[in-house]
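# Fold and contact review
Listed below are the residues making up each chain.
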Amino acid sequence: MQNTTAITPDTHTSWLHLGAGAFHRAHQGWYLNQLHQLGDTRWSLALGNIRNSASQATLDKLGQQQGVYTLEVISPEGDIDYQTITAIKRVIPWDAELKQLIAVGAAPDTKIISFTVTEGGYFLTDKGHLDLDHPIVAQELAEPSNIVTVYGALVAILRQRLATQAGPVTLLNCDNLRHNGECLRTGLNEYIAALGDKALAAWCETAISTPNSMVDRITPKSDDALLQRLKEQGIVNDQVPVACEAFSQWVIEDDFIAGRPALERVGVEFVEDVIPFEEAKIRVLNASHSGIAWAGALLGAQSIDESLTPQVRQWIQDYVAEDVVAALPAGSIDLNAYCTTTLHRFSNAKVRDTNQRVSSDSIAKLQQFILPTLKTRYQQGDVPKATLVLVALWYLFMQRRAAGSLPFEYQDRAIDSVPFDAIYASEDSLQAFAQSPALMGCLAEHPTFTEDLRSAVDNVKKILARTD
């Protein structure tokens, strides 16, 4: 069976997504499918990968199914709804030069290019600039034909669009970065500048838009248990189903330079300013998710719901009440109530997310989700004791990794950017950890940060010892 499908005749506008992970199919793909069910099929999805990664096997199977898959949607009460998703009309086979991906992205009828490459995939410093010294970025800039980053893929597509006058395009970031559209634009501009491509830089000033967005839906890694549940429902011909929680949110800055689907009809919020939504989500939900995964691993738990002991819940509630509320300006979002809702969502045992998945890429997650609250609280003249607990949990988590005693294999695409072996082999590993600029950025030079973190680690170790 061919692993591509043609766009249907009544669908004349294409939306290309880069990154064939489960979240895209549970979130962006689901929203567009909802719109199709209302009879609006003017937009369709094309899906492809930048790298020949582990998800490529899933993409190949999805291509064999003509882009059709089953979404298992689980409510907090445990009710399950099975939905057939048909919004993906083209699955793009991977090739080393990304010829087919670039061709689809550069086609005149492609008006949106979105992507989910995880936080670490943008290679940004703690000041929000592209890390041109990162080995992956530096290697790609030296060999532009060997594309491995979202910047390299976008530059290849945009150059082709410029050459063929294919028209403007919206670049839609769907990852958990604050100001994610702005971050993408900054990184892309600096990447293009490093290439010295002045013509492309000038064209991008008026031919692309990069709206900020906030995405939210818990999507665990698919497993054999999901396939078995589908089999019990009589669904036996789907090799690549996806499971997710019933809750879903998508808030987007309404800045689409080449048009967009009418996703407001299916619950997407288009706003002038995404920042209040994204700050609440990143600092409460994303930071808490990581903290729970680290704590759970230290307790020997495999899943998020199993990790939510009374003590872990208290740590998260204190973090939000004492530091996040103080760090963010007062607004319409009740952060403590949002925290309660978030913990309720995390406790759903039927949406069993693993600590291994949630803790992956924690270097970027620490820097994106947690350090901003630390910095703000220090700037306010306070010691952010509750937030330091989260950093202490990660220090102990990585200490376990160094000792080879984590209950799973830790995965982080930025692992080589931090000398963890040297840190944990040093006489004072906590000092080396706290004063590592690669980890902590400017906080590494804060006069009390190291000893503040040491106190937090000592307290967390005492509590964990009592729990054991």
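Residues numbered from 1 in each chain as written. Predicted model: local features only at pLDDT ≥ 70, side-chain atom pairs only at ≥ 80, totals over all residues. Heavy atoms only, no water.

## Description of the confidence of the model for the chain
Across the chain, the average pLDDT comes to 94, with 97% of residues at 70 or higher. Across residues 1-11, where pLDDT falls below 50, the model places 30 contacts with residues more than four positions away in sequence or in other chains. (pLDDT = per-residue confidence, 0-100. Contact = heavy atoms within 4.5 Å.)

## Quick notes on the sheet that holds strand β8 (residues 208-209)
Within the open sheet, the 6 strands sit side by side as β5-β2-β1-β6-β7-β8. Their pairing is parallel. Strands with a single pairing partner mark the edges of an open sheet, and in this sheet they are β5 (88-91) and β8. When strand β1 (residues 13-18) meets strand β6 (residues 110-115), the two strands line up parallel, connected through 5 bridges. When the bridges of β6 are listed, leucine 16 appears paired with isoleucine 113. In this fold helix α7 (residues 180-195) packs onto β6, β7 (169-173) and β8, with an angle of close to 115 degrees to the strand it touches most, β7. (Pairing = 2+ DSSP bridges. Helix = DSSP H or I, 4+ residues; strand = E, 2+ residues; numbered from the N terminus. Axes fitted to C-alpha atoms, helices over the stretch in contact; angles between N-to-C directions.)

## Thoughts on the packing of helix α10 (residues 275-298) against helix α16 (residues 385-403)
Any two packed helices are characterised by the angle at which their axes cross and by the distance between the axes. α16 packs onto α10 with a crossing angle of 45 degrees between their chain directions and a minimal axis gap of 9 Å. When the interaxial angle is binned, α10 and α16 end up oblique. When the axes of α10 and α16 are compared, the crossing they make is left-handed. Here α10 contributes Ala287, Gly291, Trp294, Ala295, Ala297 and Leu298 to the contact with α16, which in turn contributes Leu390, Leu393, Trp394, Leu396, Phe397 and Arg400. Split by residue class, the contact of α10 with α16 holds 10 nonpolar, 1 polar and 1 charged. (Parallel < 35°, antiparallel > 145°, perpendicular 65-115°, else oblique. Left-handed = near helix turned anticlockwise from the far one by under 90°. Nonpolar A, V, L, I, M, F, W, Y, C, P; charged D, E, K, R; others polar.)

## Overview of the packing of aromatic side chains
Inspection of every chain in the model, using the stated rule, returns 14 aromatic pairs. Measuring from ring centre to ring centre gives 6.4 Å for tyrosine 378 and phenylalanine 449, while their planes differ by 85 degrees; the resulting arrangement is edge-to-face. Here tyrosine 378, found in helix α15 (residues 362-379), pairs with phenylalanine 449, found in helix α20 (residues 449-467); they are 71 residues apart in sequence, far enough to count as distant. For the pair tyrosine 378 and phenylalanine 449, a shared accessibility class is recorded, and that class is buried. Taken together, the aromatic side chains of Trp294, Trp394, Tyr395, Phe420, Tyr424 and Phe433 make up a single cluster linked through ring pairs. Positioned above the aromatic ring of tryptophan 30 is the side chain of arginine 217, whose terminal nitrogen or guanidinium carbon lies 4.2 Å from the ring centre. Against the face of phenylalanine 270 rests arginine 260, its NZ or CZ located 3.5 Å from the ring centre. (Phe/Tyr/Trp six-rings, centres within 6.5 Å; stacked < 30°, edge-to-face > 60°. Buried < 20%, exposed > 50% of the residue type's maximum accessible area, 1.4 Å probe, protein only. Lys NZ or Arg CZ within 6 Å of the ring centre and 35° of its normal.)

## A short note on the layout of surface pockets
In this model, the second largest pocket occupies a volume close to 430 Å³. Forming the walls of the second largest pocket are 21 residues, and the residues nearest its centre are Leu124, Thr125, Asp131, Gln367 and Ala438. Looking at the lining of the second largest pocket, the elements with two or more residues in it are α15 and α19 (437-440). The class makeup of the residues in the lining of the second largest pocket is 10 nonpolar, 7 polar and 4 charged. (1 Å grid on protein atoms, 1.4 Å probe; cavity = no way out; pocket = protein on both sides within 12 Å on 5 of 7 lines; lining within 4 Å. Points joined across faces, edges and corners; volume = space filled by probe spheres on them.)

## What to know about α15
Given a rise of 1.5 Å per residue, 18 residues ought to cover 26 Å, and the 24 Å separating the end C-alpha atoms of α15 matches this to within 8%. At isoleucine 370, α15 shows its largest kink, close to 45 degrees, and the proline proline 372 lies no more than four residues downstream. Among the 18 residues in α15, 16 count as buried, and that is most of the element. Glycine 381 sits one or two positions beyond α15 and adopts a positive phi of about 90 degrees. (Expected span 1.5 Å × (residues − 1). Bend = angle between axes of the 7 residues up to and from the residue.)

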